[in-house]
Structure formats: C-alpha cells, structure tokens
Amino acid sequence: MSRVEQIAERLRNTAPARWLALRERNEQRIIVGLGLVTLVTVLWLGVWKPISDWRTVEHNRYSNAQATLDWMRANEARARERARASATQSQDRSLIPLITRAAEAQGLQLTRLQPEASGAVSVVLQGQPFNDVVRWLHQLEENNGIAVTRVAFDADARPGFVNAQVRLQ
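The present account deals with the structure reproduced in this document. None of the values given here were measured: they were computed from a predicted structure. (Residues numbered from 1 in each chain as written. Predicted model: local features only at pLDDT ≥ 70, side-chain atom pairs only at ≥ 80, totals over all residues. Heavy atoms only, no water.)

1. Some details on the environment of Q28
Right, on to step 1. Inspection of the secondary structure puts Q28 in helix α3 (residues 25-74).
Right, on to step 2. Judged by its relative accessible area of 16%, Q28 falls in the buried class.
Right, on to step 3. Along the sequence, Q28 and V124 sit 96 residues apart, while their C-alpha atoms lie 103 Å from each other.
Right, on to step 4. Discounting chain neighbours no more than four positions away, the residues touching Q28 are L20, A21 and R23. (Helix = DSSP H or I, 4+ residues; strand = E, 2+ residues; numbered from the N terminus. Buried < 20%, exposed > 50% of the residue type's maximum accessible area, 1.4 Å probe, protein only. Contact = heavy atoms within 4.5 Å.)

Here is the structure:
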C-alpha cells in the first residue's frame, strides 16, 4: 500500500469519518460542502486577507516614501539656499555683538541697532563726539572686516558732536 492510501485509510477510520458515513448521501454532500466553505473561509481570513492587507499597507508606505523623496528632490535647491541664507543670517547676527563691543570700547552710546533683511545692520548714534565715531568706524573696518556701506552725519547743537546714521555690512 502506498503512503497516500495509508493516510486515506487512517482518515476513514477516524470518528468524524465514521459519523459522516452513517449519514444519508444528501446529508453527506451538505456536510462536505459546509466543511469546504468553512475551510475556504478560514484560509481566506487566516492567510489570504492578512497577506493582502499587509501588501496594501506596504504599498501605501512605499508610495508615501516615494512622494516624500520626490518632494525633497524637487525642493533640494531651495532648502540648500535657505540653509545658506540662515547661515549668513547667523553670521550677520554676529555683527551686532562686534558693533556694540567696539562702540563700548570707544565710549560711544548707540541709540538704535536694526538688522536688515540683506544682512546689513543700521546703527543710529545721537550726540556723540565726531572723532570717536570716525575712530569706531575705522576700527570696525580694519580689525573686524565690517564694511561701512553708508554714513550720514548731522551736526549736533554742541560743537564737535554729531548725530550719525551708519549702515554696516
């Protein structure tokens, strides 16, 4: 006897198989049909559906990752440009401490400091000695590499004192 025949013979000798053999032919067909439907349902819910759901979820993850990658590639140049701009802004912001320290060293009082979008800093001085203001501007340019791009002087009521508007970069 072959291996398959041995397995079939063992199945026929089981209690469920003997119970089924005692039923009428129509009842046997209905029971076997219900058994097949149950088996297919169990396979569907236990194997096929989880695999199908997993495949759908992974496909959506892949699609989202691909869309993110495409967006990143499309916006890479703009991101790099903004990173450079923020780096220069952080460098421009470091101008303010240099300007204030140099002014304190010269004994000047700054009335207003205002950073500009271009990276420059506008400075307003009122009632300061002209020679000290010129020394301060020279020191900024020579020692710190800060360029004076615009200067406007107005006379103050006291001789030798000025009001100044300076743009540094």
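Right, picking up where we left off after that structure.
2. Examining α3
Right, on to step 1. The terminal C-alpha atoms of α3, which comprises 50 residues, lie 70 Å apart, in line with the 74 Å expected from a rise of 1.5 Å per residue.
Right, on to step 2. A maximum bend of about 40° is found in α3 at W44. (Expected span 1.5 Å × (residues − 1). Bend = angle between axes of the 7 residues up to and from the residue.)

3. Digging into the nonpolar core
Right, on to step 1. Within the largest apolar cluster, 17 residues are counted, with the highest numbers of intra-cluster contacts made by I99, V123, L125, W136, V166 and L168.
Right, on to step 2. Secondary-structure elements contributing two or more residues to this core are α5 (95-106), β2 (121-129), α6 (130-144) and β4 (161-168).
Right, on to step 3. What V123 contacts, discounting residues up to four positions off in sequence, is I99, L110, R112, L113, W136, A164, Q165, V166 and L168. (Core = buried A, V, L, I, M, F, W, Y, C linked by side-chain atoms within 4.5 Å.)

4. Let's talk about a nonpolar patch on the surface
Right, on to step 1. On the surface, V32, L36, L39, L43, V47 and I51 cluster together to form a nonpolar patch covering roughly 530 Å² of accessible area.
Right, on to step 2. The residue I51 is located in helix α3 in this model. (Patch = residues over 30% accessible without salt bridge, like charges linked within 9 Å, V, L, I, M, F, W, Y side chains within 5 Å. Areas by Shrake-Rupley, 256 points an atom, 1.4 Å probe, with all protein chains shown as cover. Salt bridge = Lys/Arg side-chain N within 4 Å of Asp/Glu carboxyl O.)

5. What to know about the sheet that holds strand β1 (residues 110-115)
Right, on to step 1. Spatial strand order, β1-β2-β4-β3: 4 strands in an open sheet with antiparallel pairing. Looking at the sheet topology across the chains shown, the edges are occupied by β1 and β3 (148-155). Neighbour-to-neighbour, the strand axes of this sheet turn through a mean angle of 15°, independent of strand direction.
Right, on to step 2. Here α5 sits on the sheet in contact with β1, β2 and β4, set at roughly 165° to β1. (Pairing = 2+ DSSP bridges. Axes fitted to C-alpha atoms, helices over the stretch in contact; angles between N-to-C directions.)

6. Here we look at the packing of aromatic side chains
Right, on to step 1. Considering all chains together, one arrives at 2 aromatic pairs under this definition.
Right, on to step 2. Geometrically, the ring pair formed by F130 and F153 is edge-to-face, given 5.2 Å between the ring centres and 65° between the ring planes. With F130 in helix α6 and F153 in strand β3, this residue pair connects regions lying 23 residues apart in the sequence.
Right, on to step 3. Accessibility expressed as a relative area gives 35% for F130, which makes it partly exposed.
Right, on to step 4. Since its relative accessible area comes to 34%, F153 is described here as partly exposed.
Right, on to step 5. We note R158 situated over the ring of F161; from NZ or CZ to the ring centre the distance is 4.0 Å. (Phe/Tyr/Trp six-rings, centres within 6.5 Å; stacked < 30°, edge-to-face > 60°. Lys NZ or Arg CZ within 6 Å of the ring centre and 35° of its normal.)

7. As for the pattern of salt bridges
Right, on to step 1. If you walk through the whole model with that rule in mind, you get 7 salt bridges.
Right, on to step 2. As a salt-bridge pair, K49 and D53 come within 3.1 Å of each other at their nearest N and O atoms. Here D53 and K49 lie together in helix α3, a separation of 4 residues that amounts to about one turn.

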